[in-house]
Amino acid sequence: IHLEKKKKKKKKGKLAIAIGATPYKCPVAPFEVAFIADDAFRAAGCRDEIDIVVTSPVPWPLPDPAKEIFTRLMLEKGVEYVP
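Residues numbered from 1 in each chain as written. Predicted model: local features only at pLDDT ≥ 70, side-chain atom pairs only at ≥ 80, totals over all residues. Heavy atoms only, no water.

Enquirer: I'd like to hear about the side chain of aspartate 38, residue by residue, with values.
Expert: Relative to the helices and strands, aspartate 38 is located in helix α2 (residues 29-44). Given a relative accessible area of 1%, aspartate 38 falls into the buried group. A distance of 2.6 Å separates the side chain of aspartate 38 from the side chain of arginine 47, its partner in a polar contact. Not counting residues within four places of it along the chain, the set of residues in contact with aspartate 38 comprises Arg47, Ile52 and Lys77. (Helix = DSSP H or I, 4+ residues; strand = E, 2+ residues; numbered from the N terminus. Buried < 20%, exposed > 50% of the residue type's maximum accessible area, 1.4 Å probe, protein only. Polar contact = N/O pair within 3.5 Å; in protein donor to acceptor, adjacent residues only side chain to side chain. Contact = heavy atoms within 4.5 Å.)

As structure tokens, this is what we get:
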């Protein structure tokens, strides 16, 4: 990701992190990528111009105990989940 170019252009963009199939080895990995991207875009000063979306072929890819935690974190960071 070329953050400097994105920062200079100030265009609206979207980062889509897609889960292709379930089950997969590390259920939290797509969400970790979204949170790391959120931090990187904020540090570069362009987070307001970029929507971050995690998508999956199932209603929710994580076990129930994790849903509340990850839902709260996604809300705090402005990350959207689309099944």
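On we go.
Enquirer: Before we move on, can you summarise α2 with the specific residues and values?
Expert: In an α-helix, one turn spans 3.6 residues; hence positions three or four apart end up facing the same way. Relative to the 22 Å expected for 16 residues at 1.5 Å per residue, α2 spans 22 Å between its end C-alpha atoms, a close match to the ideal helical length. Residues of α2 that are buried include every one of Pro30, Phe31, Ala34, Phe35, Ala37, Asp38, Phe41 and Ala44, and no others. Trailing α2 by a residue or two, glycine 45 shows a phi angle of about 80 degrees, which is positive. (Expected span 1.5 Å × (residues − 1).)

Enquirer: So, the packing of α2 against helix α3 (residues 64-77): which residues are in play, and what are the values?
Expert: Between α2 and α3, the shortest axis-to-axis distance is 11 Å and the interhelical angle comes to 20 degrees. Judged by the inter-axis angle, α2 sits roughly parallel to α3. The element α2 and its partner α3 pack so that their crossing is left-handed. Within the contact between the two elements, α2 uses Phe31, Phe35, Asp38, Asp39 and Arg42 and α3 uses Phe70, Leu73, Met74, Glu76 and Lys77. Considered class by class, the residues forming the contact of α2 with α3 number five nonpolar, no polar and five charged. (Axes fitted to C-alpha atoms, helices over the stretch in contact; angles between N-to-C directions. Parallel < 35°, antiparallel > 145°, perpendicular 65-115°, else oblique. Left-handed = near helix turned anticlockwise from the far one by under 90°. Nonpolar A, V, L, I, M, F, W, Y, C, P; charged D, E, K, R; others polar.)

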